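# An overview of the molecular structure
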Amino acid sequence: MLDVIAFLIEHFQDFDACPPREDLGTLLEEVGFDDQDIGDTLWFFDSLKQAPVVPAQRLCQSRGLRIYDAAEQDILLPEVCGLLHFLEQEAAINPQQREWIVHALLNLPEENMSVAHAKVLALLVLWVQKSELPVLIGDELMHALLQNTTVLN
């Protein structure tokens, strides 16, 4: 899924510039991505359009510390949780965006769990929502994306 995300962010200025869902799937197939990665990416895009369980306004007003339950702790690396906490404290992501990133991470294959993958997913959420982020944090997230692309090509 991450190579598809890297491709989309590189080739489309923002999420709205992407073709419609059905055309996007065809385009990604033509480029050579496998059906599983395409399906996972499209699923994640669809999940970003859904309302969160906790209303967005209430979640964004939250000032509490995110506590990960035992099942989440079994999957998420401590470094990934630390990254998400850092991004939230630096106002690069809000609590709602954090939850979308956590949701995507929990649905990744276990062997893909890494800080680099978390950075790419954070960048995806910010890209889809056209969010602005601090330059240094944006540079760090883009570096993870470019490293991911280099490894894949």
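Residues numbered from 1 in each chain as written. Predicted model: local features only at pLDDT ≥ 70, side-chain atom pairs only at ≥ 80, totals over all residues. Heavy atoms only, no water.

## Considerations on the packing of aromatic side chains
Scanning the entire structure with this criterion turns up 2 aromatic pairs. Here the aromatic rings of Phe7 and Phe33 are separated by 5.5 Å at their centres, their planes lie at 65 degrees, and the arrangement is edge-to-face. Of this pair, Phe7 sits in helix 1 (residues 2–11) while Phe33 sits in the loop between helix 2 (21–31) and helix 3 (35–49); the two residues are 26 residues apart in sequence, bridging distant segments of the chain. Taking the relative accessible area as the measure of exposure, Phe7 reaches 15% and is therefore buried. With a relative accessible area of 15%, Phe33 lands in the buried category. Considering the side-chain rings of Phe15 and Trp127, the 5.9 Å spacing of their centres and the 80 degrees angle between planes classify their relative orientation as edge-to-face. Of this pair, Phe15 sits in the loop between helix 1 and helix 2 while Trp127 sits in helix 8 (residues 115–128), and the two are 112 residues apart along the sequence. Per residue, the accessibility class of Phe15 equals that of Trp127, and both read buried. (Phe/Tyr/Trp six-rings, centres within 6.5 Å; stacked < 30°, edge-to-face > 60°. Helix = DSSP H or I, 4+ residues; strand = E, 2+ residues; numbered from the N terminus. Buried < 20%, exposed > 50% of the residue type's maximum accessible area, 1.4 Å probe, protein only.)

## Topic: the confidence of the model for the chain
On average, the chain scores 80 in pLDDT, and the residues at 70 or more come to 76%. Contacts for the low-pLDDT stretch residues 149–153, under 50 throughout, to residues beyond four places or in other chains number 3 contacts. (pLDDT = per-residue confidence, 0-100. Contact = heavy atoms within 4.5 Å.)

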